[in-house]
Amino acid sequence: MKSNKVKQSQRMKVKEEMDDIIFASTNPESCTEFEQIMKSRFQMSMMGELTFFLGLQVRQTPQGIFINQSKYTLDILKRFDFTGPKSASTPMSTSFQLDADTSGNPVDQKVYRAIIGSLLYLTASRPDIMFATCVCARFQCDPRESHLGAVKRILKYLKGTPNFGLWYPKDSGFELTAFIDSDHAGCKLNRRSTSGACQFLGDKLVSWSSRKQNCVSLSTAEAEYVAAACCCSQVLWMKIQLADYGYTMHRIPIYCDSSSAIQIAANPVQHSRTKHIDIRYHFIKDHVEKGNVELFFVESERQIADLFTKAFDEKRHYYLLSKLGMLDPPADF
């Protein structure tokens, strides 16, 4: 009976506590009204205009909002002793691909995982390191010197770009669009492909991902089709969320650089070459027919999601960053 009472009291205590809350409105009067309502029901303190939240630094201007994690980036570099002058122009080299490297010298798992964990949290505002970090994260069970070298390159890249962040302009439309891409059989461990996707509201990047697919694709078209199906799930979820705020959207465009994958999604007939694809990925056909989403072809040079599936040289890398809305703010910003 005593233990039950303790548990019950703990549950009651949790119910009484309240976490941090962010609320926003274009009307200052509604913010004041909401503040008064909350203070009448809860014991709370107002921190004023949002400038810092869970490691995210937020700068609000009449032209828009800039979000970055420069302080957290500098803390990471200091923690892992990367405060020297050396830096890298890109987060990952294009000259080689990581593999298991069973003949390489092992490194401290604890240190390796600590760096990976810190970098994964940093991807909340740094999509430019998303792909490189996720690739290095695949080797946390048995990291070798080659893997640690790839992680150190990411840190060197951050050393040269500590203030990079995302810019959200005030007036840029509110249409939901998505880009998807894949790197067929890019993983040397099991030959699975990598799916990359990003979603925009107008010109504002609001969601991005880079993950290894759960199946082995037999062709580039299949890998792109699987990536499109995963992106469709995210887009439909965002559509539901936006509906709660009064935004109704139909035929949400998803841009893909594989005409074969688009044809598979648009064809209601199953052919012998696509019957082996897991049925859960075919649900995108249903949503194409219903008019919820629509796939469009985009040239590979204009495929923004490339950044989440492969490494590039400096010129291509920074071109894609500009399309994502990433920038290095001036000193007086």
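Our structure is the block above this text.
Summary of the structure given here. Remember, it's a predicted structure, so these values are computed and weren't measured experimentally.

With that settled, the discussion passes to the packing of helix α3 (residues 70-79) against helix α4 (residues 109-122). In the contact formed by α3 and α4, the axes pass within 11 Å of each other and the chain directions differ by 170°. Put simply, α3 runs roughly antiparallel to α4. Packed against α3, whose contacting residues are Y72, T73, I76 and R79, the element α4 presents A114, S118, Y121 and L122 at the interface. The class makeup of the residues in the contact of α3 with α4 is five nonpolar, two polar and one charged.

Each α-helix winds once per 3.6 residues, and so residues spaced three or four apart point in a common direction. Residues R316, H317, L320, L321 and L324 constitute the buried set of helix α10 (residues 314-324). In an axial view of α10, the angular spread of the buried residues amounts to 140°, which keeps them on one side of the axis. Of the surrounding secondary structure, the elements contacted by the buried residues of α10 are α6 (145-160), β4 (165-169), β6 (194-201), β7 (204-212) and β10 (326-327). Two residues or fewer after α10 comes G325, characterised by a positive phi angle close to 90°.

To continue, consider the sheet that holds strand β3 (residues 64-68). Reading across from one edge, β1-β2-β3-β4-β10 is the order of the five strands in this open sheet, with antiparallel pairing throughout. Edge strands, defined here as strands with exactly one partner in the open sheet, are β1 (52-53) and β10. Sheet analysis places strand β2 (residues 56-61) next to β3, joined by five bridges and oriented antiparallel. Following the sheet pairing, V58 is matched in β3 by I67.

Once that is clear, we can look at α6. A rise of 1.5 Å per residue sets the reference length of α6, with its 16 residues, at 22 Å; its end C-alpha atoms lie 23 Å apart and thus fit the reference within 8%. Every buried residue of α6 is listed here: H147, L148, A150, V151, I154, L155, Y157 and L158. Here the buried face of α6 lies against α3, α4, α5 (130-137) and α10.

What follows concerns the environment of L176. Checked against the element boundaries, L176 lands in strand β5 (residues 176-183). In the structure, L176 is positioned 100 residues away from I76 in sequence and 34 Å away in space, judged by C-alpha atoms. The contacts of L176, once residues within four sequence positions are left out, are Q199, F200, L201, V235, M238, K239, L242, M249, I252 and P253.

The subject of this paragraph is the environment of M326. Positionally, M326 belongs in strand β10. Sequence-wise, M326 and D81 are 245 residues apart; in three dimensions their C-alpha atoms are separated by 26 Å. What M326 contacts, discounting residues up to four positions off in sequence, is S125, R126, P127, D128, F164, G165, L166 and L321.

Attention shifts here to the sheet that holds strand β9 (residues 293-297). Taken in spatial order, the five strands make up an open sheet running β7-β6-β5-β8-β9, and their pairing is mixed. The open sheet terminates on both sides in strands that have one partner only, identified here as β7 and β9. Averaged over all pairs of adjacent strands, the angle between their axes in this sheet comes to 20°, without regard to strand direction. Sheet topology places β5 next to β6; eight bridges connect them, and they run antiparallel. Of the residues in β6, the one forming a bridge with F179 is C198.

The rules we used
- Numbers given to residues run from 1 along each chain, matching the order in which its sequence is written.
- Residues qualify for local features only when their pLDDT is at least 70, as the model is predicted, and side-chain atom pairs are given and counted only at 80 or more; totals for whole chains, interfaces and linings, by contrast, use all residues.
- The basis for every side-chain value is the complete set of heavy atoms in the structure, and neither hydrogens nor water enter the calculation.
- To obtain an axis, a line is fitted to C-alpha atoms, over the contacting stretch when the element is a helix, and the angle between two such axes runs from 0 to 180 degrees between their N-to-C directions.
- Secondary structure elements are defined from DSSP: runs of H or I of at least 4 residues count as helices, runs of E of at least 2 residues count as strands, and each element is numbered from the N terminus.
- Throughout this description, any angle smaller than 35 degrees is read as roughly parallel, any larger than 145 degrees as roughly antiparallel, any in the 65 to 115 degree range as roughly perpendicular, and the remainder as oblique.
- Every residue pair with non-hydrogen atoms within 4.5 Å of one another is taken to be in contact.
- Note on residue categories: nonpolar means Ala, Val, Leu, Ile, Met, Phe, Trp, Tyr, Cys or Pro, charged means Asp, Glu, Lys or Arg, and polar means any other residue, Gly included.
- Between buried and exposed lies partly exposed: a residue is buried under 20% and exposed over 50% of the maximum accessible area for its type, with that area taken using a 1.4 Å probe on protein chains only.
- Of all possible arcs, the one meant is that of the directions from the helix axis to the C-beta atoms.
- What makes two strands pair is DSSP finding at least two bridges between them.
- The length a helix should cover is 1.5 Å for every residue beyond the first.

These values are about where atoms sit, not about what they do.
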